[in-house]
Amino acid sequence: MNQRLFTSLLLFIGLLLGKVAFPADVIAAAASSGLSIEVFPQVSYIFGEQVSFDVEVKSEAQIDEAYLVYQPEGSESRVIPMQIDQNRLAVDLDLNQTRIPPFSRVAYWFQLKPQGADLITSASYAFNYDDNRFEWQTLENEQLAVFWHDGDLAFGQSALNTGINGLETASGLLGTAAPSQQIRIYIYPSTQELQSALEISGQPWLAGHASPQLGIVLVSIAPNADQRLRMEQQIPHELVHVMLYQSVGKDYDRIPPWLNEGLATLAELYPNADYANVLVTAGKNNTLLPMSSLCSPFPMDASRAFLSYAQSASFTRFLQQKYGVSGIQNLLLKYSDGLGCSEASFAAFGKPLASLESDWKEETLGISSSLDALRRIAPYLLLFAVLLLPVLIIGIGRLFSSKKG
Ligand SMILES: [Zn+2]
């Protein structure tokens, strides 16, 4: 092994299209260097299509192998071999094959194998994978930054104000303090634009999205007469998801969708009146979804998804009114501990989920549990009667024939 080569990496970095040197790396490497390897990387990307890494290398030794290692924030690192052409290294990431979350920070570094030496790992660098198809305007305070590309300054200010009110509502619901780090809100003017950024299909009704671990919220609000209403629905809703993540951390995925979406929907400053109508109709028609089914991701189709949100919000409000904010916090704690969907409610409130569900139906929708039970078994009773009918007929027939005899 050539110790001299092994310890002689000298690194420079080009951030995006500019070249910026990091003197700390130069000093660290120069101290033990005999042979120098300088690296000048440049990153450019076409959003949603391709990221190109182009690296100029100045090395006294030939580079035999080169790898790019990259890691989008909150994701696992991935390794990809680079093409070597004399003093240039290059690789393109096809974003149709590999996905990078929009607005995430992407860390990357290089592994190089100089001739006759072991693999050398460079220091780590990063670029922001922003949606650069648009020119974003921005307004911010300590807790929130709002970005928009369609609309004037008043539009952005209105969004920031809604965000500030939304944070207050979210803090009240969750019983938590202000966000621990600034949350970024990106406003697209249409659901189509938002969904193209997220590469989502099959859920045309999806208007907002949160990447809680990145502290990022995406919403779809056009600057028009409805903008305030849309802001008051979408922004506080998505902020709750991020606040909840900041509160429970890596246990976020253990919070069942009904509670997570229920809290987020309750935070909407302009509640959707159709939720109440949908609940009443589903209650009458006996088409309410079992709450246990909302422990799994919500259905994809629009009407069942809408009902899922309506039920979740109503059920969560019922629990909050009965057990208070501290009761909800306790329930969140039980879920964070890893308890199951029904077990956590038993641990927090002394009742399994199904029992709380019956209480909610009875007290909120006026559906009594005995009537509900009868409704549930009605189809089986009918089936039982149909099956029993021939037996009865035969029995009665025999009775008559025996009397005749
Ligand atoms: Zn949501």
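Residues numbered from 1 in each chain as written. Predicted model: local features only at pLDDT ≥ 70, side-chain atom pairs only at ≥ 80, totals over all residues. Heavy atoms only, no water.

A. Geometry of the sheet that holds strand β1 (residues 37-46). Here we have four strands laid out as an open sheet, ordered β1-β2-β6-β5, and antiparallel in their pairing. Each having just a single partner strand, β1 and β5 (83-85) make up the two edges of the open sheet. Neighbouring strand axes in the sheet, compared pairwise and without regard to direction, differ in orientation by 20 degrees on average. Bridge count between β1 and strand β2 (residues 50-59): ten bridges; the pairing is antiparallel. Bridging across to β2, Ile 37 finds its partner in Ser 59. (Pairing = 2+ DSSP bridges. Helix = DSSP H or I, 4+ residues; strand = E, 2+ residues; numbered from the N terminus. Axes fitted to C-alpha atoms, helices over the stretch in contact; angles between N-to-C directions.)

B. Local environment of the pairing of β2. Hairpin connection between β1 and β2: a loop of three residues separates the two successive antiparallel strands, and Gly 48 in this loop has a positive phi of roughly 80 degrees. Inspection of the sheet shows β2 paired to strand β6 (residues 88-94) by seven bridges, in the antiparallel sense. Directly across from Phe 53, in β6, lies its bridge partner Val 91.

C. Structural view of the coordination of the zinc ion. Donor atoms from the polypeptide that coordinate the zinc ion comprise His 237 (NE2), His 241 (NE2) and Glu 261 (OE), at 2.1 Å from the metal. Mapped onto the sequence, the residues coordinating the zinc ion show the spacing H-x3-H-x19-E. Here the residue His 241 occupies a position in helix α5 (residues 227-248), and Glu 261 occupies one in helix α6 (residues 257-266), the gap between them amounting to 20 residues. Like Glu 261, His 241 is buried. (Donors = N, O, S within 2.8 Å, 3.2 Å for Na, K, Ca; no water. Buried < 20%, exposed > 50% of the residue type's maximum accessible area, 1.4 Å probe, protein only.)

D. Spotlight on the nonpolar core. Grouped together as the largest cluster of nonpolar side chains are 61 residues, with contacts concentrated most on Ile 185, Ile 187, Trp 258, Phe 315, Leu 319 and Leu 331. Here this core takes eleven residues from helix α8 (residues 302-336), the largest share from any one element. Each of domain 2 (134-250) and domain 3 (255-365) contributes no fewer than three residues to this core. Ignoring sequence-local partners within four residues, the contact set of Ile 185 consists of Leu 144, Ala 145, Val 146, Phe 147, Val 217, Val 219, Ile 235 and Leu 239. Judged by nonpolar contacts, the second largest core, of 38 residues, contains Tyr 70, Leu 95, Phe 110 and Leu 198. (Core = buried A, V, L, I, M, F, W, Y, C linked by side-chain atoms within 4.5 Å. Domains from an automatic or database assignment. Contact = heavy atoms within 4.5 Å.)

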